[in-house]
Amino acid sequence: MAEKLLRVEHITKHFAGVTALDDVSFSVDQGESMCLVGENGSGKSTMIKIISGVYTADSGDIFINGNHYKKLTPMESMHAGVQVIYQDFSLFPNLTVAENISISELLSTGKKMVNWKEVKELAQEGLDKIRVSIPLDAIAGTLSTADRQLIAITKAILADARLIIMDEPTTALTRREVEALFKIINDLNNQGVATIFVSHKLNEVRQISQRTVILRNGKKVLDQDAKDLDIKTIEYQMTGREINTSSIKYSKSDTKSAPLLKVENLHLLHGFFDLSFELYKNEVLGITGLLGSGRTELALSLFGQLPADSGKIYLEGKKIRIRNIFDATSRGFGYVPEDRIREGLFLPQSITDNIAVSIIDTLTTVSIFLDKKAKKQLSDNWIEKLNVKTPSGKLPAKSLSGGNQQRLVLAKWLAQNPKILILNGPTVGVDVGSKSEIHELVLTLARQGMGILMISDDIPELMQTCNRILLMRRGKIVNEFIREKTTEEELAKELVATDSNNH
Amino acid sequence: MFNKLIKSNEFLVFLIIITLSIVIGMINPAFFSVATIYDILRASNVYNLMAFGLLLVVILGGVDISFVAITAVASYGTHMAMLKLDYQGGIWLYFLIGTAIGLICGFLNGFLITRFKLPIFDLTLATQTMLYGFSLFFLGATANFDLPERMVGYYGKYLAITEDPFIGTTGLHISVLYVLAAGIFVWWLLKYTIIGRGIYAIGGNREVAKRSGFNINRITMIVFVIMGVLAAISGVTQSGFQRNFSPTLFIGQNLNVLASVILGGASITGGRGTVIGTFLGVILTQLINRALILTGIPVEWQQFVIGVLLIIFIAIPAIREERARKVGHTTELSEEQA
């Protein structure tokens with residue numbers, strides 16, 4: 001293997017005076033699996049766009065298969081075998097799987113007519129190459145995220161990809177789906193296809209990559225074999241500071257008093273059944289399970305969005321009914337959704353308005369008019385408390401980074417002073433620095449007396465923050481773990497065991 | 001396969017047509033006759049021609065407002081020119097010239113939309129006003145009844161004739177062949193050509209269609225040219241039926257045609273729709289029309305009924321989606337129960 005598949009040398013790129021990339025060099029071998037790691041804004045997206053020809057570097061050289069490109073165009077990049085799988089997967093939601101896979105290939109042959117037999121054969125051939133089976137006639141928009149991702153990968157393979165770049169491919173996948181994806185990536189690597197995997201999920205980085213390149217503030221700070229790396233080093237190199245996870249230890253929960261929330265025999269058709277559990281003041285209760293185990297349904301049910309069909313809910317010993325979202329919010333339930341961008345925020349609206357929206361009725365003066373001063377005070381207070389990084393509350397919410405948006409969703413709910421806060425995947429898609437800040441915040445809230453339900457399949461996260469962890473499987477609670485009496489390994493085994501028993 | 005058929009929108013429309021027919025027939029047995037079928041088809045033909053064209057625009061992700069004005073300009077424009085030339089021949093020359101005018105109008109729409117990246121709705125709203133204005137001002141302000149000699153009998157050109165005790169002599173009008181030809185052409189275009197797949201692709205995800213290498217401008221042009229041509233054929237046919245040429249032909253009918261297309265299962269947001277669905281949608285609209293006359297329900301109810309049906313049809317996909325979302329997540333659970 002004399003010639004590297006891809007070499008980038010001394011790449012520098014500025015945007016309006018900001019240096020996005022500063023003299024970055026690295027290379028990828030044939031069939032190699034590399035991980036490109038960095039916090040948001042570290043320059044990894046810019047790097048990918050330069051390799052795929054979307055951006056042109058200010059200076060530096062790119063070599064693909066030994067050919068030198070000073071100015072790489074998207075077409076040249078694709079012809080050289082570079083395929084990028086973006087987070088939206090670039091699919092047509094209204095078309096079938098077969099057509100989605102084959103269409104680019106058909107277009108590139110310049111044909112005018114569609115031969116449906118050929119479309120299906122081509123698609124099947126592609127799917128066979130990565131050894132997965134998805135019904136060819138299914139409409140792409142109805143499939144799971146994992147399946148849509150596989151379609152995108154198949155498309156890339158059919159386009160004779162030599163290097164597949166995946167941007168945060170595991171964000172919306174369950175653990176089982178991640179395992180399946182990693183197997184496919186391994187397979188591809190063995191067939192000589194190189195992969196660049198962009199991620200900030202550190203365990204995955206260690207699991208999948210042979211080599212890890214870390215960018216920080218546009219500079220390459222580390223480039224070495226993955227097997228010599230530990231998570232601490234990766235974290236340190238990503239953030240430039242020590243992240244002290246062990247300091248977030250918290251175990252006191254007020255279990256002697258009456259439970260804050262008690263749930264008995266809760267049922268939801270197609271969602272979950274016979275759920276009973278208690279949540280105490282000062283407690284962080286983890287709920288874990290694979291995607292589809294009913295964990296999200298439970299959260300939505302307690303929040304009134306998918307009201308349970310039967311069962312009893314007691315709040316501070318009093319029986320209550322939750323029939324809609326208003327029932328839940330008026331009794332002190334707060335919910336931070338999984339898809340915070342879509343469900344949690346009004347992105348074009350200002351940060352201040354976003355914080356104030358859930359308690360808007362308390363901000364009115366004697367008349368029906370909004371008390372602007374009170375609104376600003378409230379907003380400034382939360383921006384400061386939660387350390388939201390913004391020059392002004394007047395800016396739209398979409399101007400914030402992912403981690404800051406997550407904090408904003410929290411602020412919105414905390415402004416209501418909830419007794420019970422339900423967090424669904426609170427750190428999905430959040431980089432490691434912001435993640436530990438969010439964990440810290442959750443613990444602070446619990447210390448102040450709130451009861452917190454944390455839904456997550458991120459095991460280290462659960463182990464760091466929760467007092468107890470309930471494991472859900474097929475709509476039932478199948479196990480309860482006390483944090484002190486279990487280990488990450490045991491929990492991980494139990495989570496995955498869910499599946500192996502059944503196949 | 002069978003399951004898929006039953007769940008399809010087309011099947012639902014078909015069921016409604018059958019049910020409605022039975023109900024009308026029970027109230028008024030005169031409804032059950034060949035003449036009724038011929039009559040409904042005859043009334044549907046001109047709408048089907050327009051609807052097939054509009055279907056393409058809707059799948060592409062747009063709504064054309066101007067096609068009704070194209071029917072007027074193409075038919076009325078041709079007629080006024082032919083009058084000057086004292087043409088006395090058959091309708092075929094009208095079709096030829098009308099089609100050319102329709103093609104030019106469609107091309108104009110397509111050109112303006114692609115060249116200046118204009119929203120389809122806005123631009124065609126403008127060209128509709130412009131084209132009706134043009135036909136009223138430049139061509140003439142009133143309907144003209146001077147038909148060329150050999151065109152007079154066109155409205156009664158039947159492929160088959162039937163005697164009906166209630167309706168009298170009627171038949172299967174020849175224009176059903178145009179609908180058949182146009183329907184097959186549009187179906188073939190959508191299903192078997194790269195252009196057709198491009199229309200679906202653009203309606204499904206415009207950005208990805210561009211990235212995948214579809215020539216969006218060319219496809220948009222083609223769609224509007226077909227729309228223009230079909231509108232022109234519809235306009236000439238309708239003028240032949242009613243035995244006069246009007247500068248305001250089909251004015252105000254554009255949303256009714258759109259309603260038929262939506263009833264037929266096309267998605268107003270693009271990416272979805274079929275020829276057979278559209279055909280059934282038009283038939284259903286005409287059937288409701290007829291039903292109210294035959295059952296003696298005041299004609300004003302027609303609008304109301306179609307409106308209610310539209311609400312139901314728009315709601316169905318939304319309800320399905322909502323259900324899917326509610327049930328969808330707990331996949332493990334459903335696996336076990338299945």
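Residues numbered from 1 in each chain as written. Chains lettered and ligands numbered in written order. Predicted model: local features only at pLDDT ≥ 70, side-chain atom pairs only at ≥ 80, totals over all residues.

### Remarks on the overall build of chain A
What chain A contains, in helices and strands, is 17 helices and 20 strands. Relative to its 503 residues, chain A shows a buried fraction of 46%. Expressed as a percentage of contacts within chain A between residues at least 6 apart in sequence, the contacts between residues at least 24 apart total 69%. (Helix = DSSP H or I, 4+ residues; strand = E, 2+ residues; numbered from the N terminus. Buried ≥ 20, exposed ≤ 12 C-beta atoms within 10 Å, placed from the backbone. Contact = placed C-beta atoms within 7 Å.)

### A closer look at the overall build of chain B
Along its length, chain B carries 14 helices and two strands. For chain B, whose C-alpha radius of gyration is 21 Å, the value lies close to the compact-globule estimate of 20 Å for 338 residues. The principal-axis extent of the C-alpha atoms belonging to chain B is close to 75 × 55 × 35 Å. A burial count over chain B gives 45% of its 338 residues as buried. Here the contacts in chain B between residues at least 6 apart in sequence split such that 77% fall between residues at least 24 apart. (Rg over C-alpha atoms; globule rule 2.2 N^0.38 Å.)

### A word on helix α3 (residues 97-108) of chain A
Every buried residue belonging to α3(A) is among Val97(A), Ala98(A), Glu99(A), Asn100(A), Ile101(A), Ser102(A), Ile103(A) and Leu106(A), and all of these are buried. Among the structural elements, α4 (116-129) and α5 (145-158) of chain A together with α8 (194-204) and α9 (206-212) of chain B are those in contact with the buried residues of α3(A). One or two steps after α3(A), the chain reaches Gly110(A), where phi turns positive at roughly 75°.

### Details of the domain arrangement of chain A
You can read the domains of chain A as domain 1 (6-242) and domain 2 (256-500). The centre of domain 1 of chain A, based on its C-alpha atoms, is set 33 Å off from the matching centre of domain 2 of chain A. (Domains from an automatic or database assignment.)

### A word on the sheet that holds strand β13 (residues 284-288) of chain A
All names here are of chain A. The mixed open sheet is built from six strands, whose spatial order is β16-β17-β18-β13-β19-β20. The sheet terminates laterally at β16 (333-336) and β20 (476-482), the two strands that pair on one side only. Pairwise comparison of adjacent strand axes, ignoring direction, gives a mean angle of 20° for this sheet. As defined by bridge partners, β13 adjoins strand β18 (residues 451-455) across four bridges and the pair is classed as parallel. Note that in β18 the partner of Ile-287 across the bridge is Ile-455. Packed on one face of the sheet, helix α9 (residues 295-302) meets β13, β16, β17 (420-424), β18 and β19 (468-473) and runs near 150° to β17. (Pairing = 2+ DSSP bridges. Axes fitted to C-alpha atoms, helices over the stretch in contact; angles between N-to-C directions.)

### Things to note about the sheet that holds strand β1 (residues 6-15) of chain A
Residues and elements named next belong to chain A. If you trace the four strands from one edge of the open sheet to the other, you get β2-β1-β4-β5, paired in antiparallel fashion. Among the strands making up the open sheet, the edge pair consists of β2 (18-28) and β5 (67-69). Across the sheet, the axes of successive neighbouring strands diverge by a mean angle of 20°, strand direction being ignored. Pairing of β1 with strand β4 (residues 59-64), which is carried by five bridges, proceeds in the antiparallel orientation. Within the sheet, the bridge partner assigned to Arg-7 lies in β4 and is Phe-63.

### Some points on the interface of chain A and chain B
Contacts between the two partners involve 27 residues from chain A, matched on the other side by 25 residues from chain B. When residues of the side of chain A that touches chain B are traced back to their parent elements, those giving at least two are α3 and α9 of chain A. Among the elements that take part in the side of chain A that touches chain B, α3(A) stands out by supplying six residues, more than any other. For the side of chain A that touches chain B, the per-class residue count stands at eleven nonpolar, eleven polar and five charged. (Nonpolar A, V, L, I, M, F, W, Y, C, P; charged D, E, K, R; others polar.)

### Some points on the environment of Gly433(A)
Residue placement: Gly433(A) occurs in helix α15 (residues 432-447). Under the C-beta neighbour-count criterion, Gly433(A) is labelled partly exposed, with 18 such atoms within 10 Å.

### Here's the deal with the confidence of the model for chain A
Residues and elements named next belong to chain A. Taken over all residues, the pLDDT of chain A has a mean of 83, while the share at 70 or more is 89%. Element-level pLDDT for chain A is lowest in helix α11 (residues 340-344), with a mean of 63, against a maximum mean of 93 in α4. Residue range residues 498-503 is modelled with pLDDT below 50. Its contacts to residues more than four positions away, or to other chains, number three contacts. (pLDDT = per-residue confidence, 0-100.)

### Details of the nonpolar core
Ranked by size, the top nonpolar core spans 155 residues in total, and within it Leu54(B) and Leu55(B) carry the most contacts. Dropping the residues within four chain positions of it, Leu54(B) is found in contact with Asp64(B), Phe67(B), Met227(B), Val257(B), Leu258(B) and Val261(B). Formed by 67 residues, the second largest nonpolar core is a distinct cluster that contains Ile287(A), Leu410(A), Met472(A) and Phe481(A). (Core = buried A, V, L, I, M, F, W, Y, C linked by C-beta atoms within 7 Å.)

### Quick word on the pairing of strand β11 (residues 261-268) of chain A
Residues and elements named next belong to chain A. Pairing geometry for β11 and strand β12 (residues 272-279), over five bridges, is antiparallel. Opposite Leu-261, over in β12, you have Leu-279 as the bridge partner. Count of turn residues in the β11/β12 antiparallel hairpin: three residues, of which His-270 carries a positive phi of about 65°. Across five bridges, the pairing between β11 and strand β14 (residues 310-315) is antiparallel. Bridging from a neighbouring strand, Glu-264 pairs with Lys-312 of β14.

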